[in-house]
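The chain contents come next:
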Amino acid sequence: MASPVTLAVPRGAATRQAEKLTVSDLLTDQDLTCSDLELLFRLTDRIKSAPGSFARALAGKQLAMIFEKPSLRTRVTFEVAMTSMGGSAIYLDESRQRLGEREAIQDVARNLERWVDGIVARTFAHSTVCALAEHASVPVINALTDRWHPCQALADFFTLRERFGKLAGLRMSYVGDGNNVCHSLMATAAKLGVQFTVATPPGFEPNPEIVRVAQHDAQASSGSLRLCQDPLEAVGGAQAVYTDVWASMGQEAEAAARERAFAAYQVNETLMAAAGPHALFMHCLPAHRGQEVTDAVIDSPRSLVYDQAENRLHVQKALLFLLLRRGRSA
Ligand code: CP
Ligand code: NVA
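Residues numbered from 1 in each chain as written. Chains lettered and ligands numbered in written order. Predicted model: local features only at pLDDT ≥ 70, side-chain atom pairs only at ≥ 80, totals over all residues. Heavy atoms only, no water.

Colleague: Can you walk me through the sheet that holds strand β7 (residues 224-228) in this structure?
Modeller: Hydrogen bonds between backbone atoms are what pair the strands of a sheet, whose relative direction is either parallel or antiparallel. Across the sheet, which stays open at both edges, the five strands sit in the order β7-β6-β5-β8-β9 with parallel pairing between neighbours. Here the strands that pair on one side only, and so sit at the sheet edges, are β7 and β9 (280-283). Taking each pair of neighbouring strands and ignoring which way they run, the sheet shows an average axis angle of 20 degrees. Both strand β5 (residues 171-175) and strand β6 (residues 195-199) contribute to a ladder of five bridges, which runs parallel. From the neighbouring strand, R171 faces β6, where its bridge partner is Q195. Running over the sheet, helix α6 (residues 180-192) touches β5, β6, β7 and β8 (240-243) and is turned about 155 degrees from β6. (Pairing = 2+ DSSP bridges. Helix = DSSP H or I, 4+ residues; strand = E, 2+ residues; numbered from the N terminus. Axes fitted to C-alpha atoms, helices over the stretch in contact; angles between N-to-C directions. Contact = heavy atoms within 4.5 Å.)

Shown next as structure tokens:
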């Protein structure tokens, strides 16, 4: 586990004072405080508006990117983020075997920490990313596990902040599977004072322990978290309607059964009409068009999906800047 980080800001960047996150890894959304989120969003604003000021911010830094599962957005945005800040990224394809099979995870961590300044990992078991962080002295970033997708939630709430100016009091509804993306959105929404509603079919609810923590956090932030089963009821009055695939990576064998279970949870024009004329549509992508969302919704002017994808780049640049700009002895 890397130790907490204090930062000097690059010459020419808009930020002047030293700023730090309270965490040295990003494993779950629960780990970030409200001030961490505010720091990340403010830095993302600066990086997005003046990327040239950060062109050498990670000069000489190396990032290892371990992927047990496929990726378009996460892989490309982390690699572009590193190279456009003067660093570089190395892609490690672990799709043919799970991490820990060829050699112990602690040995992977203890090798990588000798060569690189940070590790990004997309794994099946969430415990794999935690084990990497436990044994590596460099920062570890969760690039999606079966349980969490924190980088996605950061980009999504940054996107909503751009649209609405503020997040506290925002009404957002998630419709579909109580999965990794749902967990990350729910946990982050609860820190930000968002009024968050989740509608899932019976048996596909989010993890009850993550719900419990989010309910606690929502109380502290004056947000709210409501779980229900009726998608029409869930989206009433929502400013943003979010959905994700019905079968996540690793659940391919369940795809047909899930398609039946989720049929009433499709985000289509009828559901968006129930949300109201100004409701925006969100999806982490990849989307299964014709299943969880129709073409008419995802391709409509209400859809934020490509803004969300773009903001993965900007928010991850901020994250890498805050986590990687530190000496090995820090
Ligand atoms: N949203 C997202 O993480 O996309 P990828 O699976 O393509 O990385
Ligand atoms: N829930 C999806 C998200 C993909 C970005 C999955 O895990 O496959």
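Colleague: Help me understand the sheet that holds strand β4 (residues 140-142) in this model?
Modeller: Read from one edge to the other, the open sheet built from four strands follows the order β2-β1-β3-β4, with strand pairing classed as parallel. Two strands bound the open sheet, and with one partner strand each, they are β2 (88-93) and β4. Recorded for the sheet is a direction-independent mean angle of 20 degrees between the axes of neighbouring strands. By the bridge criterion, five bridges tie strand β1 (residues 62-67) to strand β3 (residues 118-122) in an arrangement that is parallel. Following the sheet pairing, F67 is matched in β3 by R122.

Colleague: What is the right way to look at the site of ligand 1 in this model?
Modeller: Around ligand 1 sit S71, L72, R73, T74, R122, H149, Q152, C284, L285 and R312, and those are all the residues in its vicinity. A distance of 2.6 Å separates an oxygen atom of ligand 1 from a polar atom in the side chain of T74. Between ligand 1 and the protein, one listed contact pairs an oxygen atom with a side-chain N or O atom of H149 at 2.8 Å. Starting from 250 Å² of accessible surface for ligand 1 in isolation, the protein chains cover 96%. Classifying every residue of the shell around ligand 1 by side-chain character gives three nonpolar, four polar and three charged. (Near = heavy atom within 4 Å. Polar contact = N/O pair within 3.5 Å; in protein donor to acceptor, adjacent residues only side chain to side chain. Areas by Shrake-Rupley, 256 points an atom, 1.4 Å probe, with all protein chains shown as cover. Nonpolar A, V, L, I, M, F, W, Y, C, P; charged D, E, K, R; others polar.)

Colleague: Any chance you could explain the packing of aromatic side chains here in plain terms?
Modeller: The description of an aromatic ring pair rests on the distance of the ring centres and on the angle between the ring planes. Scanning the entire structure with this criterion turns up seven aromatic pairs. With centroids separated by 5.5 Å and ring planes inclined at 80 degrees, the aromatic side chains of F54 and F321 adopt a geometry described as edge-to-face. Here F321 lies in helix α12 (residues 305-324) and F54 lies in the loop between α1 (34-49) and β1, a separation of 267 residues in the sequence. With centroids separated by 5.6 Å and ring planes inclined at 40 degrees, the aromatic side chains of F67 and Y91 adopt a geometry described as tilted. Linking F67 in strand β1 with Y91 in strand β2, this pair joins segments that are 24 residues apart in sequence. Taking relative accessible area as the criterion, Y91 reaches 28% and is therefore assigned partly exposed. Over the face of the ring belonging to F124 we find K69, whose NZ or CZ atom lies 4.7 Å from the ring centre. Above the plane of the ring of Y91 lies R75, whose end atom (NZ or CZ) is 3.5 Å from the centre. (Phe/Tyr/Trp six-rings, centres within 6.5 Å; stacked < 30°, edge-to-face > 60°. Buried < 20%, exposed > 50% of the residue type's maximum accessible area, 1.4 Å probe, protein only. Lys NZ or Arg CZ within 6 Å of the ring centre and 35° of its normal.)

Colleague: Looking at this structure, how should I read the site of ligand 2?
Modeller: Around ligand 2 lies a shell formed by L144, H149, N179, N180, V181, D244, V245, S248, M249 and L285. Contact between ligand 2 and N180: a nitrogen atom at 2.8 Å from a side-chain N or O atom of the residue. Surface burial for ligand 2 is 95%, taken as the share of its 270 Å² of free accessible area covered by protein chains. Its residues assigned to classes, the shell around ligand 2 comprises five nonpolar, four polar and one charged.

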